[in-house]
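Structural overview for review
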Amino acid sequence: MRLLVVEDDRTIREFLTRAVTEAGFRVDACGRGDEAESQALEGVHDAMIIDLTLPDMDGLDLIHRLRSQGVTAPVLILSARRSVDERVLGLERGGDDYLTKPFAVAEVVARLRALLRRSTPNQPEATRLRVADLELDLIRREAHRGGAELQLTQQEFALLEYLCRNAGRVVTRSMVLDHVWKMRFDTSTNIVDVHIHRLRNKVDRDSDRPLIRTMRGVGYVLKD
Amino acid sequence: MFSRIRRRISGSLYRTAAWRLALRSTIVFAASSALVFLMMYGLVARTIRERSDSWLIGESETLKQVALTTPKDAVYGRIVGEVAELATQEFAFDSHDDDAANTVFFYENGEGAEPPLWVSPSVGPSAKAAIIASLRSSNVPERSAVSMPVPGWRMPFRVVSVHVSPGTGRIYLGLQDTAARIMLTRLLLGFFIGWIAMVLFGFLTAVLSLRGTLKRIDAVTTAAANIGTGDLSSRVAFADKPNDEIARLTRTFNTMLDRISASVNQLRSLTDSVAHDMKSPITSVRGSLEAALSTDDANLSRELVARAVESLDRLSEIVTTSLDVAEAEAGALRLRREPSDLADLIRRVAELYAPAFSERRQTLTTIADKPVQAMLDQRFLVRLLSNLLENELRYAGEGAKILVILSEANGHAQIRVRDDGPGFPAGLLDQVFQRFAKGDTSEGHGLGLAFVRAVALAHGGRAWVRNLDTGGVEIGVEFPAPGSAPEPLSPVTDTLPAHPPNTPVPEPGNDVIVTSS
């Protein structure tokens, strides 16, 4: 997977580049709209991260120019503007995504992956998920840990399913709210912690191998 | 700029509006009063002349009779003279003052009447000759008076003539009405002096009263100039009476200044609070990172960095929310309204928060049976609801019963959140919706309820808070829900029911009830 990162702030560009490289992407990075345009037109990128405020043009104009020239790779928009512009929301409906600064790097990577999944045509949907000795039956909505059935509420099952689908990857609180409860909070709330705490009590209490881990300051990860 | 204004205020009187206004009105007043005086003078002068003219005509008739009936002998002249003198004495304006004595002449030409000219008071022969010469050179009509200048006299004579008999000579009677003239001159002088005095007095009065009035406006200017230089405490001193335009201006101005200084103070305390609220997280970020840099313990370092990130999250939430609130209060919040069912939103948020309430052994009950449609920005509504619930989590206290009621009436949807907790301290009640208002024991940043109200206002609704008679507090928000048919408000009593009607009694261990249709 090859990415184009367009961000004029050098510090942000560098840590973004490092983060997505670590996540296994090949990265091209630039800080200007015209450079970005010529690089994107090569058509070799699977996705793009574009900051809205570029020194030589508006990020949205760049996206529209690329779209009008046949570049279809999905875009993750980074915006320092607080109230999210109607036009950005329009792009979101068109299949792209946005993040407002400040953002968690984990969320950038997660949203990138989601964008790429969306743009790749139908993969066969799994009916069972397995992480270590944790097993989820998505059809019967049942969860087993080490052979014993876990008594989970619907909410808890949905949360555990989301963590399992992203096993090994960090998910942030707002990603959890967005995907499990379908609520997009632009500010943080620690309500997710309460749910994780309850879920952990059911999933990890009787096991000496805790699966749900808290990444302080970032979010949670389910891994063996 | 403001010092220049002050200099102008204390500057020359001639440049003031009072001076200009007074001058303008005085000029108009002077011109019109002069016109009136002149008209009066003209009227008096005409009346006096008409009177002396009619005397002249009447007297000339008398003299004509005397001339016709008196034989032209040696005493003729004397008789005529006496008659003329008697007539002169009848003349009303005759004065005892010698300077003001009237001059009358009588002249008869033809038939060698002697003396042909009689003048009172008597004058020298050269003056007589001048009169006769003037008479001969001018054409005096019969029975009407004309003015006739005579060399040697300052004023012209009014002269009438009458034919004594056809073919014979004429009688001329002339009058120089010095007394009347002097009276008219005095009148004119009196008028003039009176006019000057009136105009001056009027001008002075106008300048002084206008100056007094406009000084009050200057006071407003001075206060404004002080405000401009940063002194917000400056106010215009004013008396309640007279309750005129300027008093009203002053009052309005002072009220405006009160408001401005109130909002500036609010802004100041807001910035102070923001700065204060941001300084703590910034300090802790800095401290944590510094410690992480100086430790060799990888685990400790990781923990410190995590703490720094958490502080930064808190910092960014303060910034985002306070900007949201400020924008909403300024009416600049960008809303993405879409048809939304408030009952559904409330249920979803309540479900999300249910575990948190049960951990605090609080009971959360929602009464939101019927769908209530409204055009709302769901992102903001979800945050509004979560702020309301988090507020309850923080302040309602352990074991509190919390009730969320959705109702709809008259095109408005109401969400009321009630608890049986301690309620707000009386002092805090009227400022809970203000940014950074928080109780002494509060751990929040004081933005939650400010955000609630701001979102309600941005949607054209309102928010309120009140302590319930039964203890506890109600926080309510209202939104226009025009899509719904008006129906009577479902009765909700002020007392908090242990279990609302139509709600299942909570089972043990399941202390959160979410009712749904």
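Predicted model only: the values in this text are computed from it and were never measured. (Residues numbered from 1 in each chain as written. Chains lettered and ligands numbered in written order. Predicted model: local features only at pLDDT ≥ 70, side-chain atom pairs only at ≥ 80, totals over all residues.)

1. Regarding the overall build of chain A
Counting its secondary structure elements, chain A contains eight helices and twelve strands. Taking all 224 residues of chain A together, the buried fraction comes to 34%. (Helix = DSSP H or I, 4+ residues; strand = E, 2+ residues; numbered from the N terminus. Buried ≥ 20, exposed ≤ 12 C-beta atoms within 10 Å, placed from the backbone.)

2. Overview of the overall build of chain B
For chain B, the helix and strand inventory stands at eleven helices and 13 strands. Per-residue burial for chain B yields a buried fraction of 26% across its 517 residues. In chain B, the share of contacts with a sequence separation of at least 24, taken over all contacts with a separation of at least 6, comes to 66%. (Contact = placed C-beta atoms within 7 Å.)

3. Things to note about the sheet that holds strand S12 (residues 219-222) of chain A
What holds strands together in a sheet is hydrogen bonding between their backbones, with the strands either parallel or antiparallel. Residues and elements named next belong to chain A. Pairing within the open sheet is antiparallel, and its three strands lie in the order S10-S12-S11. Of all strands in the sheet, those bounded by a partner on one side alone are strand S10 (171-172) and strand S11 (212-215). Two elements, S11 and S12, share four bridges in a ladder whose sense is antiparallel. Bridging across to S12, Arg-213 finds its partner in Val-221. (Pairing = 2+ DSSP bridges.)

4. Re the nonpolar core
Ranked by internal contacts, the top residues of the largest apolar core, which has 111 residues, are Met48(A), Ile346(B) and Tyr353(B). In terms of residue count, helix H8 (residues 342-359) of chain B provides more of this core than any other element does, eleven residues in total. The residues touching Tyr353(B), leaving out its near neighbours within four places in the chain, are Ile191(A), Leu364(B) and Leu389(B). Among the nonpolar cores identified, the runner-up in size contains 23 residues, and Trp118(B), Ile131(B), Val160(B) and Tyr172(B) belong to it. (Core = buried A, V, L, I, M, F, W, Y, C linked by C-beta atoms within 7 Å.)

5. Re the sheet that holds strand S6 (residues 128-131) of chain A
Residue and element names in this part refer to chain A. Reading across the sheet, the four strands line up as S6-S7-S8-S9 and stay open at both edges, with antiparallel pairing between neighbours. Among the strands making up the open sheet, the edge pair consists of S6 and strand S9 (148-150). Sheet twist, expressed as the average angle between the axes of neighbouring strands with direction ignored, equals 25 degrees. The sheet contact formed by strand S8 (residues 142-145) and S9 spans three bridges and is antiparallel. The residue bridging Arg-145 from the neighbouring strand is Ala-148, located in S9. Its contacts with the sheet put helix H6 (residues 154-165) on S6, strand S7 (134-137) and S8, and the angle it makes with S6 is roughly 70 degrees. (Axes fitted to C-alpha atoms, helices over the stretch in contact; angles between N-to-C directions.)

6. Brief notes about the interface of chain A and chain B
Reports often express the size of an interface as the amount of accessible area lost when the parts come together. Contacts between the two partners involve 20 residues from chain A, matched on the other side by 26 residues from chain B. Element by element, the count of residues in the side of chain A that touches chain B is highest for helix H8 (residues 191-203) of chain A, at four residues. Of the residues assigned to the side of chain A that touches chain B, the class counts are eight nonpolar, seven polar and five charged. (Nonpolar A, V, L, I, M, F, W, Y, C, P; charged D, E, K, R; others polar.)

7. Thoughts on the pairing of strand S9 (residues 401-409) of chain B
Residues and elements named next belong to chain B. With five bridges joining them, strand S7 (residues 363-367) and S9 adopt parallel strand pairing. If you follow Ile-367 over to S9, its bridge partner there is Ile-405. Pairing of S9 with strand S10 (residues 412-419) involves eight bridges; the strand directions are antiparallel. Bridge pairing in S10 places Val-404 opposite Val-417. Connecting S9 to the next strand, S10, in antiparallel fashion are two residues, including Asn-410 with a positive phi near 50 degrees.

8. Focus: the confidence of the model for chain B
All names here are of chain B. Taken as a whole, chain B shows an average pLDDT of 79; of its residues, 82% reach a score of 70 or greater. Least confident of the elements in chain B is strand S13 (residues 512-514), whose mean pLDDT is 41; most confident is S10, at 93. Throughout residues 485-517 the model reports pLDDT below 50, and contacts reaching past four residues in sequence, or to other chains, amount to 52 contacts. As a predicted assembly, this complex carries a pTM of 0.61 together with an ipTM value of 0.82. (pLDDT = per-residue confidence, 0-100.)

9. Structural notes on H8(A)
Residue and element names in this part refer to chain A. Counted at 1.5 Å a residue, the expected span for H8 with its 13 residues is 18 Å, and the 19 Å between its end C-alpha atoms agrees. Burial in H8 covers these residues: Ile-191, Val-192, His-195, Ile-196, Leu-199 and Val-203. The buried residues of H8 occupy an angular sector of 135 degrees when projected down its axis, which confines them to one face. (Expected span 1.5 Å × (residues − 1). Arc of directions from axis to C-beta.)

10. Considering H6(A)
All names here are of chain A. Taking 1.5 Å per residue as the helical rise, H6 with its twelve residues ought to reach 16 Å, and the 16 Å between its terminal C-alpha atoms agrees with that figure. Those residues of H6 lying buried are Glu-156, Leu-159, Leu-160, Leu-163 and Cys-164. Each buried residue of H6 sits inside an arc of 135 degrees when the element is viewed along its axis, so together they form one side.

11. Section: the packing of H6(A) against helix H7 (residues 173-180) of chain A
All names here are of chain A. The interhelical angle for the contact between H6 and H7, taken along N-to-C directions, is 120 degrees, at an axis separation of 10 Å. Classed by the angle they form, the pair H6 and H7 counts as oblique. Both H6 and H7 take part in a crossing whose hand is right-handed. Side by side, H6 and H7 meet where Ala-158, Leu-159 and Tyr-162 of the first sit next to Val-176, His-179 and Val-180 of the second. Residue composition of the contact of H6 with H7, by class: five nonpolar, one polar and no charged. (Parallel < 35°, antiparallel > 145°, perpendicular 65-115°, else oblique. Left-handed = near helix turned anticlockwise from the far one by under 90°.)

12. Overview of the packing of helix H6 (residues 245-294) of chain B against helix H7 (residues 298-329) of chain B
All names here are of chain B. With their axes 8 Å apart at the nearest point, H6 and H7 run at an angle of 160 degrees to one another. The angle between H6 and H7 places the two elements in the roughly antiparallel class. By crossing handedness, the relation of H6 to H7 is classed as left-handed. Contact residues: Val-274, Asp-277, Met-278, Pro-281, Ile-282, Ser-284, Val-285, Ser-288, Leu-289, Ala-291 and Ala-292 in H6; Ser-301, Leu-304, Val-305, Arg-307, Ala-308, Ser-311, Leu-312, Arg-314, Leu-315, Ile-318 and Ser-322 in H7. In the contact of H6 with H7, the residues fall into 14 nonpolar, five polar and three charged.

13. Brief notes about unusual backbone geometry
Residue Pro102(A) is reached from Lys101(A) by a cis peptide bond, and omega for that bond is -5 degrees. Mapped onto the fold, Pro102(A) is located in the loop between strand S5 (97-100) and helix H5 (105-119). Not every positive phi belongs to a glycine, and Arg141(A) is a case in point at roughly 55 degrees. Counting through the fold element by element, Arg141(A) comes out in the loop between S7 and S8. With 12 C-beta atoms counted inside 10 Å, the residue Arg141(A) sits in the exposed group. Unusually for a residue other than glycine, Arg361(B) sits at a positive phi of about 55 degrees. Secondary-structure assignment places Arg361(B) in the loop between H8 and S7. The class of Arg361(B) is exposed, set by 10 C-beta atoms lying within 10 Å.

14. With respect to the pairing of strand S3 (residues 47-51) of chain A
Residues and elements named next belong to chain A. Counting buried residues in S3 gives five out of five residues, a clear majority hidden from the surface. Along S3, one buried face is formed by Ala-47, Ile-49 and Asp-51 and the opposite face, lined by Met-48 and Ile-50, is buried too. Both strand S1 (residues 2-6) and S3 contribute to a ladder of four bridges, which runs parallel. Bridge assignment links Val-5 to a residue of S3, and that residue is Ile-49.

15. Observations concerning the environment of Val80(B)
Mapping Val80(B) onto the fold places it in helix H3 (residues 76-90). Sequence separation of Val80(B) and Val66(B) is 14 residues, and the distance between their C-alpha atoms is 7.1 Å.

16. Details of the environment of Ala356(B)
Residues and elements named next belong to chain B. As for its placement among the helices and strands, Ala-356 is situated in helix H8. Given 23 C-beta atoms within a 10 Å radius, Ala-356 is considered buried. In this structure the C-alpha to C-alpha distance between Ala-356 and Glu-390, which are 34 residues apart in sequence, comes to 9.2 Å.

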